[in-house]
Amino acid sequence: QVQLVESGGGLVQAGGSLRLSCAASGRTFSRYDMAWFRQAPGKERELVAFISSFGTTTYADSVKARFTISRDNAKTTASLQMNNLKPEDSAVYYCAAREMGTRHYNYWGQGTQVTVSS
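S.K.: Can you break down the nonpolar core residue by residue, with the values?
M.R.: Formed by 30 residues in total, the largest nonpolar core has its most connected members in L4, M34, W36, F67, L80, M82 and Y93. Secondary-structure elements contributing two or more residues to this core are β3 (18–24), β4 (32–39), β5 (46–51), β7 (67–72), β8 (77–82), β9 (91–99) and β11 (112–117). Setting aside its immediate chain neighbours within four residues, L80 contacts L18, R19, L20, W36, V48, A49, F67, T68, I69 and Y93. Core analysis: the next-biggest nonpolar cluster, separate from the first, contains 5 residues, A35, F50, A96 and Y105 among them.

What follows is the structure, given as structure tokens:
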């Protein structure tokens, strides 16, 4: 079992930056792939960034070169650095985890709101 708690959301002007953090419980954090999803009102949830247990990263096209996902296995945390934020980045951001080698994210945080004003 893994419990995830996000923090770091808030209100920022367009062009600004925010850093989201995801604190994970459990001693086997290094065996989990981690991801950040987001969901805006009236839209489907979308995958924003992914980092594997080995550190391989992928990003949605809409955030490439602006967002950076990272992990610290010693601190059992995953982070999402978001730069040059745009109003269309406004959404609830969720941290998610899946055991390496599996396809489904079984563990989710409660979400943190990010609002970007124009």
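S.K.: Let's hear about the packing of aromatic side chains: which residues, and what values?
M.R.: According to the stated counting rule, one finds 4 aromatic pairs in the structure shown. For the ring pair F37 and Y105, a centre distance of 5.2 Å and an interplane angle of 80° mean the geometry is edge-to-face. Here F37, found in strand β4, pairs with Y105, found in the loop between β9 and β10 (107–108); they are 68 residues apart in sequence, far enough to count as distant. Exposure class is identical for F37 and Y105. Each is buried. One aromatic cluster in this structure is built from F37, Y105 and W108. When the ring centre of F37 is taken as reference, the NZ or CZ atom of R45 above it lies at 5.8 Å. The ring of W108 has R45 sitting right over it, with the charged end atom 4.1 Å from the ring centre.

S.K.: Explain the side chain of R66 to me, using residue names and the numbers behind them.
M.R.: Tracing the chain through its elements places R66 in the loop between β6 (57–59) and β7. R66 sits in the buried class, given a relative accessible area of 8%.

S.K.: Outline the environment of I69, listing residues and values.
M.R.: In this fold, I69 is placed in strand β7. The buried category is assigned to I69, whose relative accessible area is 4%. Residues I69 and I51 lie 18 residues apart in sequence; the distance between their C-alpha atoms is 6.7 Å. Apart from residues lying up to four places away in sequence, I69 is in contact with M34, A35, W36, A49, F50, I51, T57, Y59, S79 and L80.

Reading the values: the criteria
Residues numbered from 1 in each chain as written. Predicted model: local features only at pLDDT ≥ 70, side-chain atom pairs only at ≥ 80, totals over all residues. Heavy atoms only, no water. Core = buried A, V, L, I, M, F, W, Y, C linked by side-chain atoms within 4.5 Å. Buried < 20%, exposed > 50% of the residue type's maximum accessible area, 1.4 Å probe, protein only. Helix = DSSP H or I, 4+ residues; strand = E, 2+ residues; numbered from the N terminus. Contact = heavy atoms within 4.5 Å. Phe/Tyr/Trp six-rings, centres within 6.5 Å; stacked < 30°, edge-to-face > 60°. Lys NZ or Arg CZ within 6 Å of the ring centre and 35° of its normal.

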